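Analysis of the macromolecular model
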Amino acid sequence: MGKYDALVELLLEVIKEGGDVNKDTSTIPVGISNRHIHLSQTDLNTLFGVGYQLTKTKDLSQPLQYACKETLTIGGPHGAIEKVRVLGPVRSETQVEILQADCFKLGIHAPVRLSGDLKGTPGITLIGPQGSILLAGGLIVAQRHIHMTLEDAKRLGVTDGQQVTIQIGGLRGGTYSNVAVRANNTSTLECHIDTEEANAMNLASTSSITIIK
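Right, let's walk through the structure included here.

**Structural notes on the overall build of the protein**
Along its length, the protein carries five helices and 15 strands. Residues counted as buried form 43% of the 213 residues belonging to the protein. For the protein, the accessible area works out to roughly 11900 Å², and carbon and sulfur atoms hold 52% of it.

So, in structure tokens, the structure goes:
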């Protein structure tokens, strides 16, 4: 078989399998997140009524995670923000993720943390259609991070919990450091950053990033 015939056979095989001969396996898709809320079942009952169930509107990229129809008002000492989206499913603890600029409007300082790392975080008031709650803690600004499987981590040469630097292309592109790797076998490969960070580098949901460590 000549070189030309071998190339044609390779291209046909790629098409057959639905693949891309030019696919760059080092790039990572981006998920851009706005402020949102994760509720415990107890707090869901207080805010929406006993036995209330969240109404899913669309699935998110991470397995079993979804956006809900329900929204809440969050209130701090200096102000409030309405229509903050609730994400499902319910969790063991309520967690409120806001943007850095929201801290000024609310009049409260939220630390930069990974999801679930709530020890020592401030609280905030949640106002729903059936009640309100003054949380003792759970308010954070989400640290940028990358979800991936253990196989992805091996391929990309990183480990769970590692802090890496990412490269973003484009005219307003650049690098972000202190990006946490979250590797397990229940995730889908995706880099999560919030809308403020995305706007600063003109990122869109169709963009992708590269780890440069």
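What follows continues from the structure just given.
**Regarding the pairing of strand β11 (residues 145-148)**
On β11, burial covers both faces: H145 and H147 on one face and I146 and M148 on the other are all buried. Strand direction decides the pairing type here: β11 and strand β13 (residues 174-183), joined by four bridges, are parallel. In the strand pairing of β13, I146 is matched with V181.

**Describing the side chain of S40**
Inspection of the secondary structure assignment puts S40 in strand β2 (residues 36-40). Setting aside anything within four residues of it in sequence, one finds S40 in contact with V90, R91, S92, E93 and T94.

**Describing the packing of aromatic side chains**
A full pass over the atoms with the stated rule returns one aromatic pair. Here the aromatic rings of F48 and Y52 are separated by 4.9 Å at their centres, their planes lie at 20 degrees, and the arrangement is stacked. For F48, a relative accessible area of 10% translates into the label buried. Positioned over the ring face of Y66 is K56, at 5.6 Å from the centre of the ring.

**Quick look at the environment of Q65**
Relative to the helices and strands, Q65 resides in the loop between β3 (56-59) and β4 (66-75). The spatial distance from the C-alpha of Q65 to the C-alpha of L87 is 7.3 Å, given a sequence separation of 22 residues. Ignoring any residue separated from it by four or fewer positions in sequence, one finds Q65 in contact with D59, L60, G88, P89 and R91.

**Remarks on the sheet that holds strand β1 (residues 27-33)**
Taken in spatial order, the six strands of this closed barrel run β1-β14-β11-β13-β12-β15, and their pairing is mixed. Pairwise comparison of adjacent strand axes, ignoring direction, gives a mean angle of 45 degrees for this sheet.

**Focus on the side chain of T165**
In this fold, T165 is placed in strand β12 (residues 163-168). Once you skip the residues sitting within four places of it in the chain, T165 turns out to touch T175, Y176, S177, T210, I211, I212 and K213.

**Focus: the pairing of strand β6 (residues 95-98)**
The two faces of β6 match: Q95 and E97 on one face and V96 and I98 on the other face are all buried. Pairing analysis gives three bridges linking β2 to β6, with the strands arranged antiparallel. Of the residues in β6, the one forming a bridge with I37 is V96.

How each quantity is defined
- Residues numbered from 1 in each chain as written.
- Predicted model: local features only at pLDDT ≥ 70, side-chain atom pairs only at ≥ 80, totals over all residues.
- Heavy atoms only, no water.
- Helix = DSSP H or I, 4+ residues; strand = E, 2+ residues; numbered from the N terminus.
- Buried < 20%, exposed > 50% of the residue type's maximum accessible area, 1.4 Å probe, protein only.
- Areas by Shrake-Rupley, 256 points an atom, 1.4 Å probe, with all protein chains shown as cover.
- Pairing = 2+ DSSP bridges.
- Contact = heavy atoms within 4.5 Å.
- Phe/Tyr/Trp six-rings, centres within 6.5 Å; stacked < 30°, edge-to-face > 60°.
- Lys NZ or Arg CZ within 6 Å of the ring centre and 35° of its normal.
- Axes fitted to C-alpha atoms, helices over the stretch in contact; angles between N-to-C directions.

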